[in-house]
Amino acid sequence: MKRTLLTALAVLAVVPFQSAQAAGDSVTPPHKYWGFHGYDGTYDKAALQRGLKVYREVCSACHSLKRIAFRNLADLGYNEDQIKAIASEYTIQDGPDEEGEMYDRPGIPSDYFPSPFPNKQAAAAVHGVMPPDLSLITKARKYGADYVHAILTGYEAAPEGKKLQPSQHWNKYMPGHVIAMAAPLSDELIEYEDGTPMTVDQYARDVAEFLTWAAEPEMEDRKRIGLNVLLFLTIFAFVMYGVKRKIWADVH
Amino acid sequence: MTDTADKADNENRRDFLQLTAAGMGAVGAVAAAAPLVNSLNPAADTLALSTIEVDISGIPVGESRTVFWQGKPVFIRHRTEEEIKEAQDVDVSALSDKQTDEERVQKPEWLIAVGICTHLGCVPNGSKSTEPRGEYGGWLCPCHGSHYDTSGRIRKGPAPKNLPVPKYEFISDTVVKIG
Amino acid sequence: MGSGTREKFDNPVVDWVDERLPIFTLMQREYGVFPTPKNFNYFWNFGAILMFMLVVMIVTGLFLAMHYTANTELAFDAVERIMRDVNGGWLMRYIHMNGASFFFIAVYLHIFRGMYYGSYKAPREILWILGVVIFLLMMGTAFIGYVLPWGQMSLWGATVITNLFSAIPVVGEYIVTLLWGGFSVDNPTLTRFFALHFLLPFVIFAVVFLHVWALHVTGSNNPLGIDTKGPQDTLPFHPYYTMKDTFGLIVFLIAYAAVIFFFPNSLGHPDNYIPADPLVTPAHIVPEWYFLPFYAMLRAITFDIGVPFTDIVIISAKLGGVIVMFSSILIWVVLPWLDSHPIRSAKYRPIFQKLILILLVDFIFLGYLGAEAADAKYFGIPVNYFGLAATAYYFLFFLVFLPVLSKLEKGREMPPSINEAVTSKGH
């Protein structure tokens, strides 16, 4: 009896995890190996730096990354001077000054990545729909980094008989397959200096890793602390079990 | 004898006094609670946004524009000849919420309806001609699959009522005032 | 409280305080020597676990509130600032966010334990009903809390659920406008939800106090469901159950910590990382997992109930769904009277035991159905037919099976006392 009950309860505990996964009707993207997966996974700093390059040279033309400040780039392995240099390449609107006018100045580390459009309507006016902000994209889409990589590499010709509007494109991993974004990447598009292959697949991998970092910058800390917490609790559980056994010894 | 009567009289008076006191206490408590509850109702600034004027001249035939009114999307649809005919030819007695197309529009080419599914408040798709419009050519609610026709009437699915028509008037041929 | 004799304490400071406010006497009596059945299994751990979770939620909630802004323009950004910039903010938020899920895991196990071992039966009816009240308050608090990050699921979940009240005839629309403080779920709604989300845990705390008070009047039930007959059947609460509960709590915390640190978003929905947009409805609105069984019952009613062969509708599908959903919980209030069988524990009621385990499976199945798209099909049959069947079993169990079994079921032979049952098992 006890066993039946325990089995039933185990099922009860597992169900929510699975049913939450079962929801949604997107196409399952291929599962890739990522260095940041697993209980002790970490980000590859070189990949993050390449991913930043892809974002800055391609994605940032249309997509904002408004929750990331230049100071956050320290996580990617840049030192203060490098961060200052990156920040100063951007123009930031500040103000009002003493005359009450807004003015432009070069960026500083505490500034955030400027958005390509002043507001949602302006973005929609150019693109038909607003290109989503990318700071949280891997958390806001099922399959996270796999999804980002799959979308970037999933462009192909529309099947026979499918009529697409000029502003529509066919992507085998987009839910519903029709996507407003044109294929953004092509081989050799971005210059890598460290000898990494300059392919669409590699660009997509790097930018997906970068965006995962952007969405979960705390991940490495989280897993490290988590391992310590679990270790502590497990030892504590054994100690507590010993205490309990000792106290209950005279009852049994 | 008179003693008992006096006593009874006294008791009655006391009962009456106590009841009155309890009653007044209850009235006081309710009166004090009323403004608190009423403060939860829409505030003056919220109510002030209750009318808007929309220029409809730029909406092409067959398309709609969604405007924001009282925090709700309102569909303004420029219907095609075909859509108007479809909406008018429906056998009203077969509908679950019986309304003729004439009751729902002031000018046949313009349908104005609140874009909130009457089931559980989602925004139905179909305003853009590229979106799915459901089996009756109007709107299709993505949440639980309610189909609306070109008059915004519920035709299939769990929603109980037609898309509500807000109060509106045509100020000129190209400007409509909603609310 | 406060009357009666005092204990004597060796520590003079403790004794001095206790003479004036007998709080140590109270603790000693209710948590120290309190006689507790000696045969609890680990299902009796969840009361202590729930108490711990309530404190965790209140404490993390308090600190989160210090960094949160209840305004539709700012709420999402405030939560992201907590996640990125506030020191240890991500940890507090993940503890709180997943704490809701683990609170519900514990409460479901606690409720099921109560049902399985007949803890609701005389003389514990009030204790049970207070528990149902706590569960309802928890549901309200959790639902409101999910709105605060102001993501897409926050907004649309709130819209769908508050709209349920519009099913109430005549005053429904008025009530919904009153709840919203406007004409849609918007800034006034968010602000008042935040105020309520802060208040309700303290209301829960007060009802928990009553729940524990009632427990200490009747004493605990136990897996055998028979009353304690004397000191040979019981143990003092401390140290026996304080230590056992602590051990169980730590095991529970291991699972909780694993989710917080390694799968913090596995119980949530990705759409809630998209800022709320009143003009875009998510393709598929699902409530949090702990509401799914009730959501499935809501959706199972897709037909109007009216006078046959006419168009007269007495209860619309929408109202019917709402009634079914709310009564599925409110039915628990009268459970002590629906089941009047003299035996408490399912251990000695073979038929009841099978039916309640089927109910457990039924409830989990409803949870699966609640997460499916409304137009999904199993084997070509629309899911809401399965939902209807599962809902039917749920209500049949409470309204038909329990009263019938109360009259007809023949129980197994029961041991004469807890002590004899425990010793004969050769512990």
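Residues numbered from 1 in each chain as written. Chains lettered and ligands numbered in written order. Predicted model: local features only at pLDDT ≥ 70, side-chain atom pairs only at ≥ 80, totals over all residues. Heavy atoms only, no water.

S.K.: How do you make sense of the overall build of chain A when you look at a structure like this?
M.R.: In terms of helices and strands, chain A carries 8 helices and 4 strands. When each of the 252 residues of chain A is scored for burial, the buried share is 40%. Look at the contacts in chain A between residues 6 or more apart in sequence, and 63% of them connect residues 24 or more apart. Carbon together with sulfur atoms contributes 55% to the accessible area of chain A, which is approximately 13,700 Å² in total. (Helix = DSSP H or I, 4+ residues; strand = E, 2+ residues; numbered from the N terminus. Buried < 20%, exposed > 50% of the residue type's maximum accessible area, 1.4 Å probe, protein only. Contact = heavy atoms within 4.5 Å. Areas by Shrake-Rupley, 256 points an atom, 1.4 Å probe, with all protein chains shown as cover.)

S.K.: Can you help me understand the overall build of chain C in this one?
M.R.: In terms of helices and strands, chain C carries 16 helices and 6 strands. For a compact globule of 427 residues, the expected C-alpha radius of gyration is about 22 Å, and chain C comes in at 24 Å, within 12% of that figure. With respect to the principal axes defined by its C-alpha atoms, chain C has extents near 65 × 60 × 40 Å. The buried share of chain C, reckoned over its 427 residues, is 58%. Across chain C, contacts joining residues at least 24 apart in sequence account for 78% of those joining residues at least 6 apart. With 25 positive and 28 negative side-chain charges, chain C shows a spacing of 10 Å between the two charge centroids. (Rg over C-alpha atoms; globule rule 2.2 N^0.38 Å. Lys, Arg positive; Asp, Glu negative; His and termini not counted. Charge placed at Lys NZ, Arg CZ, Asp CG, Glu CD.)

S.K.: Please explain the environment of A:Thr91 as it appears in this structure.
M.R.: Residues and elements named next belong to chain A. Within the secondary structure, Thr91 is located in strand E1 (residues 91–94). With 15 residues separating them in the primary sequence, Thr91 and Pro106 have C-alpha atoms 4.7 Å apart. Aside from chain neighbours lying at most four places away, what touches Thr91 is Asp104, Arg105 and Pro114.

S.K.: What is the right way to read the interface of chain A and chain C from this model?
M.R.: Many authors give the size of an interface as the accessible area that is lost as the parts come together. On the side of chain C, 53 residues touch chain A, which itself brings 56 residues to the contact. Of the roughly 4,800 Å² buried between chain A and chain C on both sides combined, carbon and sulfur atoms contribute 75%. Summed over the shared surface of chain A and chain C, the number is 3 salt bridges. Of the charged contacts, one joins A:Arg67 and C:Asp77 as a salt bridge, the two residues approaching to 2.7 Å between their closest N and O atoms. The interface formed by chain A and chain C holds 9 residue pairs in polar contact (both at pLDDT 80 or more) in total. Of all the secondary structure elements, the ones that give two or more residues to the side of chain A that touches chain C are helix H1 (2–22), helix H5 (137–140), helix H7 (200–215) and helix H8 (219–248) of chain A. Take the side of chain A that touches chain C: its biggest share by element is 18 residues, from H8(A). Looking at the side of chain A that touches chain C, its residues break down into 33 nonpolar, 9 polar and 14 charged. (Buried area = accessible area lost by both parts, 1.4 Å probe. Salt bridge = Lys/Arg side-chain N within 4 Å of Asp/Glu carboxyl O. Polar contact = N/O pair within 3.5 Å; in protein donor to acceptor, adjacent residues only side chain to side chain. Nonpolar A, V, L, I, M, F, W, Y, C, P; charged D, E, K, R; others polar.)

S.K.: When you look at the confidence of the model for chain A in this model, what are you seeing that I'm missing?
M.R.: When pLDDT drops low, the exact placement of atoms in the prediction is not to be read closely. In the predicted model, chain A carries a mean pLDDT of 88, and 89% of its residues have values of at least 70. Here residues 11–25 of chain A is modelled with pLDDT under 50, and outside its nearest four sequence neighbours on either side it reaches 22 contacts, counting other chains as well. (pLDDT = per-residue confidence, 0-100.)

S.K.: Explain the nonpolar core here, please?
M.R.: Proteins that are soluble and globular tend to have nonpolar side chains buried together. Within the largest apolar cluster, 153 residues are counted, with the highest numbers of intra-cluster contacts made by C:Phe104, C:Phe135, C:Phe294, C:Trp332, C:Phe397 and C:Phe398. It is helix H5 (residues 89–116) of chain C that provides the largest number of residues to this core, a total of 16 residues. Residues in contact with C:Phe135, not counting those within four places in the same chain, are C:Phe104, C:Val107, C:Tyr108, C:Ile111, C:Phe294, C:Ile329 and C:Trp332. Within the second largest apolar cluster, 46 residues are counted, among which are A:Val54, A:Tyr147, A:Tyr173 and A:Met174. (Core = buried A, V, L, I, M, F, W, Y, C linked by side-chain atoms within 4.5 Å.)

S.K.: Is there a simple way to explain the pattern of salt bridges in this structure?
M.R.: Think of it this way: side chains of opposite charge can pair up when their charged atoms draw near. All names here are of chain C. Counted according to the given criterion, the structure contains 32 salt bridges over all chains. Taking the shortest distance from any N to any O, the salt bridge between Lys121 and Asp339 comes out at 3.2 Å. Taken as a pair, Lys121 in the loop between H5 and helix H6 (125–147) and Asp339 in the loop between helix H13 (335–338) and helix H14 (350–371) lie far apart in primary sequence, 218 residues in all. Lys121 sits in the buried class, given a relative accessible area of 6%. On the basis of relative accessible area, Asp339 is assigned to the buried category, the value being 1%.

S.K.: In this structure, what is going on with the sheet that holds strand E2 (residues 64–69) of chain B? I would like to understand it.
M.R.: Whenever strands of a sheet pair, they do so through backbone hydrogen bonds, lying parallel or antiparallel. Residue and element names in this part refer to chain B. Spatially, 3 strands are ordered E2-E3-E4 in an open sheet, and the strand pairing comes out antiparallel. Looking at strand neighbours, the two that pair on one side only are E2 and strand E4 (110–114), the edges of this open sheet. Across the sheet, the mean angle separating the axes of adjacent strands is 20° when strand polarity is ignored. (Pairing = 2+ DSSP bridges. Axes fitted to C-alpha atoms, helices over the stretch in contact; angles between N-to-C directions.)

S.K.: Explain the sheet that holds strand E9 (residues 175–178) of chain B here, please?
M.R.: Residue and element names in this part refer to chain B. Strand order in the open sheet formed by 3 strands is E1-E9-E8, with antiparallel pairing between adjacent strands. A single partner strand is all that each edge strand has here, and the edge strands are strand E1 (52–55) and strand E8 (168–170). The average undirected angle you get between the axes of adjacent strands in this sheet is 20°. Strand direction decides the pairing type here: E1 and E9, joined by 4 bridges, are antiparallel.

S.K.: Explanation requested: the packing of helix H12 (residues 317–330) of chain C against helix H15 (residues 383–408) of chain C in the structure shown.
M.R.: Each pair of packed helices can be summarised by the angle the axes make with each other and by the distance between the axes. All names here are of chain C. Following both chains from N to C, one finds H12 and H15 inclined at 40°, their axes separated by 11 Å at the closest point. When the axis of H12 is compared with that of H15, the two are oblique. In this structure, H12 meets H15 at a crossing whose hand is left-handed. The segment H12 lies against H15, with Val324, Ser327 and Ser328 engaging Thr391, Tyr394 and Phe395. Among the residues forming the contact of H12 with H15, the class breakdown is 3 nonpolar, 3 polar and no charged. (Parallel < 35°, antiparallel > 145°, perpendicular 65-115°, else oblique. Left-handed = near helix turned anticlockwise from the far one by under 90°.)

S.K.: Before we go on, may I ask you to explain the packing of aromatic side chains in this structure?
M.R.: Each aromatic ring pair is characterised by the separation of its centres together with the angle its planes make. Throughout the structure, instances matching the rule amount to 54 aromatic pairs over all chains. Ring centres of A:Tyr90 and A:Phe113 lie 5.6 Å apart, and the angle between their planes is 80°; on these two criteria the pair is classed as edge-to-face. Here A:Tyr90 is found in the loop between helix H3 (80–88) and E1, whereas its partner A:Phe113 is found in the loop between strand E2 (103–106) and helix H4 (120–127), with 23 residues between them in sequence. For A:Phe113, a relative accessible area of 3% puts it in the buried group. An angle of 40° between the planes, with centres 6.5 Å apart, marks the rings of C:Tyr393 and C:Phe397 as tilted. Taken together, the residues C:Tyr393 and C:Phe397, both in helix H15 and 4 residues apart, mark about one turn of the helix. The exposure class of C:Phe397 is buried, given its relative accessible area of 2%. Its guanidinium or amino end placed over the ring of B:Trp139, B:Arg77 lies 4.6 Å from that ring's centre, counting from NZ or CZ. Looking at C:Lys244, its charged tip hangs above the ring of C:Tyr42, at a distance of 4.6 Å from the centre. (Phe/Tyr/Trp six-rings, centres within 6.5 Å; stacked < 30°, edge-to-face > 60°. Lys NZ or Arg CZ within 6 Å of the ring centre and 35° of its normal.)

S.K.: What am I meant to see in the confidence of the model for chain C here?
M.R.: Considering every residue of chain C, the mean pLDDT works out to 93; 98% of them sit at 70 or more. Across the predicted assembly, pTM comes out at 0.87 and ipTM at 0.92.

S.K.: So what exactly am I meant to see when it comes to the pairing of E2(B) here?
M.R.: If a strand is regular, its side chains alternate between the two faces of the sheet. All names here are of chain B. Here E2 pairs with strand E3 (residues 72–78) via 6 bridges, running antiparallel. Residue pairing across strands places Thr66 opposite Phe75, the latter belonging to E3. With antiparallel pairing between neighbouring strands as the criterion, E2 and E3 make up a hairpin whose turn holds 2 residues, including Gln70 at a positive phi of roughly 50°.

S.K.: Quick question: what am I supposed to make of a nonpolar patch on the surface here?
M.R.: Residue and element names in this part refer to chain C. There is a patch of nonpolar side chains on the surface, built from Val55, Val59, Leu62, Phe63, Met66, Phe198, Phe202 and Phe205 and spanning about 720 Å² of accessible area. Contributing elements (two or more residues each) for the nonpolar patch: helix H3 (46–65) and helix H9 (187–218). With 4 residues, H3 is the single largest residue contributor to the nonpolar patch. By secondary structure assignment, the location of Phe63 is in helix H3. According to the relative accessible area criterion, Phe63 is partly exposed, its value standing at 39%. (Patch = residues over 30% accessible without salt bridge, like charges linked within 9 Å, V, L, I, M, F, W, Y side chains within 5 Å.)

S.K.: Before we go on, may I ask you to explain H3(C) in this structure?
M.R.: Structurally, the α-helix is built with 3.6 residues per turn, so residues lying three or four positions apart point the same way. All names here are of chain C. The terminal C-alpha atoms of H3, which comprises 20 residues, lie 27 Å apart, in line with the 28 Å expected from a rise of 1.5 Å per residue. For H3, the complete set of buried residues consists of Phe46, Ile49, Leu50, Met53, Leu54, Val56, Met57, Ile58, Thr60, Leu64 and Ala65. Where H3 is buried, its residues meet helix H4 (75–84), H5, H9 and helix H10 (237–262). (Expected span 1.5 Å × (residues − 1).)

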